[in-house]
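These are the residues of each chain, in order.
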Amino acid sequence: MGAAEERTGSRRASAKRETRDALVAAALAEFAEHGIDSPSLDAICARAGFTRGAFYVHFRDREDLLVAVLESALGSFLDAMIAGGGEGDGLERSVERFAEVVSLLQREAPAGAPPPAGQALLVPVHVAAVLEGVRRSERLRAGLVGMLEGAVARLVEVAKRGQAAGSVRRDVDPRQLASLLVSVGLGVLVARDAGLPLDPPALRDTILGLLGRAPDGT
């Protein structure tokens, strides 16, 4: 393949990604404003500025779009919770990032406005609506479980590094700890939706205190 053909292929791939991203963003906005069930595919496509034909290039059906929306909304939230994964990223940094995410979640953006720079991680769809969709759709449930399992696996490695460095209690099972932290993260989203006030610094300090060495030094 020549250089010109490679550039053409790259532009096409980029345009395809941009179209898919625009459709997901439009669906997120529609779901945030009207709930998961109400917006039609026509309304979502119109908001994105594309036809139904473009939609079916990227998604098999509405359920396929819901999975992509779930990955976009909750995936960015979970990514923001977890440290980058480098050798210098300990569990303490993940907890600090988690507290930062909680702080951002408590800042309300104007209705219909895009999130400020650095706040793309905000989850615009109420968790209760997402869980209702998960209850009705096996495909959506599988997508959520896969996403959560991936987050747990990443946190397990971070927890093991913390134990090796002596900053995390060695009497704690890394997988159970990772599962608990991911569950706490989802709980924060529920608390946000319910209007429960949270104190991010206190939350951070409490979690770090629980992760620290046990009284016997283990």
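Here, every reference points to the structure presented above.
For clarity, every value in this text was computed on a predicted model and none was experimentally measured. (Residues numbered from 1 in each chain as written. Predicted model: local features only at pLDDT ≥ 70, side-chain atom pairs only at ≥ 80, totals over all residues. Heavy atoms only, no water.)

**Some thoughts on the overall build of the protein chain**
Argument step 1. Within the protein chain, the regular secondary structure consists of nine helices and zero strands.
Argument step 2. Ordering the α and β elements of the protein chain from the N terminus gives α-α-α-α-α-α-α-α-α.
Argument step 3. Burial status across the protein chain gives 38% buried among its 218 residues.
Argument step 4. Restricting to contacts in the protein chain with at least 6 residues of sequence separation, those with at least 24 account for 66%. (Helix = DSSP H or I, 4+ residues; strand = E, 2+ residues; numbered from the N terminus. Buried < 20%, exposed > 50% of the residue type's maximum accessible area, 1.4 Å probe, protein only. Contact = heavy atoms within 4.5 Å.)

**Some details on helix α7 (residues 138-165)**
The α-helix advances 3.6 residues per turn, and as a result positions three or four apart in sequence lie on the same side.
Argument step 1. With 28 residues, α7 should cover 40 Å at 1.5 Å per step; its first-to-last C-alpha distance of 41 Å lies within 8% of that length.
Argument step 2. Looking at the residues trailing α7, positive phi occurs at Gly166, about 85°. (Expected span 1.5 Å × (residues − 1).)

**As for the nonpolar core**
Argument step 1. Grouped together as the largest cluster of nonpolar side chains are 54 residues, with contacts concentrated most on Leu65, Leu78 and Leu91.
Argument step 2. Elements supplying a minimum of two residues to this core: α1 (3-34), α2 (41-48), α4 (62-81), α5 (91-105), α6 (127-136), α7, α8 (174-194) and α9 (200-211).
Argument step 3. If we ignore the near neighbours within four places in the chain, the residues touching Leu65 are Leu23, Val24, Ala27, Leu41, Ile44, Phe55 and Phe59. (Core = buried A, V, L, I, M, F, W, Y, C linked by side-chain atoms within 4.5 Å.)

**Quick look at the pattern of salt bridges**
Argument step 1. In total, this model carries 13 salt bridges according to the counting rule given.
Argument step 2. The salt bridge partner of Glu33 is Arg47, with a shortest N-O separation of 2.8 Å. Here Glu33 is found in helix α1, whereas its partner Arg47 is found in helix α2, with 14 residues between them in sequence.
Argument step 3. Its relative accessible area of 42% is what places Glu33 among the partly exposed residues.
Argument step 4. With a relative accessible area of 37%, Arg47 lands in the partly exposed category. (Salt bridge = Lys/Arg side-chain N within 4 Å of Asp/Glu carboxyl O.)

**A few points about the packing of aromatic side chains**
Argument step 1. Following the criterion strictly, the structure yields two aromatic pairs and no others.
Argument step 2. For the ring pair Phe55 and Tyr56, a centre distance of 5.0 Å and an interplane angle of 90° mean the geometry is edge-to-face.
Argument step 3. According to the relative accessible area criterion, Phe55 is buried, its value standing at 0%.
Argument step 4. Residue classification places Tyr56 among the partly exposed positions, given a relative accessible area of 41%.
Argument step 5. Of the aromatic side chains, those joined through ring pairs into one cluster are Phe55, Tyr56 and Phe59. (Phe/Tyr/Trp six-rings, centres within 6.5 Å; stacked < 30°, edge-to-face > 60°.)

**Some details on α8**
Argument step 1. Across its 21 residues, α8 extends 30 Å between first and last C-alpha, which sits within 8% of the 30 Å expected from 1.5 Å per residue.
Argument step 2. Along α8, the residues classified as buried are Pro174, Leu177, Ala178, Leu181, Val182, Gly185, Val188, Leu189 and Ala191.
Argument step 3. Looking at the packing, one finds that the buried side of α8 touches α4, α5, α6, α7 and α9.
Argument step 4. For α8, the side-chain oxygen to backbone nitrogen distance between the N-cap and Arg175 is 2.9 Å, and the N-cap itself is Asp173.
Argument step 5. Where α8 ends, the next residue or the one after it, Gly195, has phi of about 85°, a positive value. (Polar contact = N/O pair within 3.5 Å; in protein donor to acceptor, adjacent residues only side chain to side chain.)

**Quick notes on the environment of Val95**
Argument step 1. The topology assignment puts Val95 in helix α5.
Argument step 2. Overall, the relative accessible area of 4% leaves Val95 in the buried class.
Argument step 3. A C-alpha to C-alpha distance of 8.8 Å links Val95 and Asp205, two positions 110 residues apart in sequence.
Argument step 4. Residues contacting Val95, with those up to four places away along its chain left out, are Arg204, Ile207, Leu208 and Leu211.

Limitation: the analysis is restricted to geometry and does not speak to function.
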